[in-house]
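# Inside the fold
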Amino acid sequence: MGLVLFPGDGDNSSLDVSWSYSGFAAFRRRLAETEGIVLSEMWGFGGERPWSEASTALESLLDHPDDGGDDLSPSKCASILVRLEAITNQWAREGGDQLLQQHIKDARQLASVLRLCIDKNVPLVFL
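Overview of the structure. (Residues numbered from 1 in each chain as written. Predicted model: local features only at pLDDT ≥ 70, side-chain atom pairs only at ≥ 80, totals over all residues. Heavy atoms only, no water.)

## Points about the pattern of salt bridges
Scanning the entire structure with this criterion turns up 5 salt bridges. In this structure, Asp9 and Lys120 form a salt bridge, with 2.7 Å as the shortest nitrogen-oxygen distance. With Asp9 in the loop between β1 (2-7) and β2 (17-20) and Lys120 in helix α4 (residues 98-120), this pair connects stretches of sequence that are 111 residues apart. Asp9 sits in the partly exposed class, given a relative accessible area of 23%. Note that Arg83 and Glu35 form a salt bridge whose closest N and O atoms lie 2.6 Å from each other. Of this pair, Arg83 sits in helix α3 (residues 74-94) while Glu35 sits in the loop between α1 (21-34) and α2 (59-62), and the two are 48 residues apart along the sequence. On the basis of relative accessibility, which here comes to 25%, the residue Arg83 falls in the partly exposed class. With a relative accessible area of 18%, Glu35 lands in the buried category. (Salt bridge = Lys/Arg side-chain N within 4 Å of Asp/Glu carboxyl O. Helix = DSSP H or I, 4+ residues; strand = E, 2+ residues; numbered from the N terminus. Buried < 20%, exposed > 50% of the residue type's maximum accessible area, 1.4 Å probe, protein only.)

See the structure below:
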């Protein structure tokens, strides 16, 4: 079981990115840590800290149900993309272990999907 993020363009052959639930959790946790956010402290992740106290362009990705939930608009995809690419470049400069290398690969795949959503002016769907 896992989840897939893909453009809501109705094209079943479109580019997508997928994770196991635990893999997506680890990916989001690393993204949040890079932004100075401890997910376990946040509302929806077992903590009490409201998302209004977190300032990141990744909020709509970090504070989203693992699957289902609202689609992310092309404008949200654009703001996520800019920050995601900056973080990916930072991670690549850091080098690191095998898990970090997998997160870099996943982030680049997600960036490609986000770019497709923006180019086609369609939402990002979580399934």
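Further notes follow.
## Focus: unusual backbone geometry
Non-glycine residue Asn121 carries a positive phi angle of around 55°. Note on placement: Asn121 falls in the loop between α4 and β3 (124-126). Overall, the relative accessible area of 58% leaves Asn121 in the exposed class.

## Some details on the sheet that holds β1
Read across the open sheet, the 3 strands follow the order β2-β1-β3; overall the sheet is antiparallel. Of all strands in the sheet, those with a lone pairing partner are β2 and β3, marking the two edges. Within the sheet, the average angular offset between the axes of one strand and its neighbour, ignoring direction, is 15°. As paired elements, β1 and β2 share 4 bridges and run antiparallel to each other. Residue pairing in the sheet places Val4 in a bridge with Ser18 of β2. Packing against the sheet, α1 makes contact with β1, β2 and β3, and its axis sits at approximately 105° to β2. (Pairing = 2+ DSSP bridges. Axes fitted to C-alpha atoms, helices over the stretch in contact; angles between N-to-C directions. Contact = heavy atoms within 4.5 Å.)

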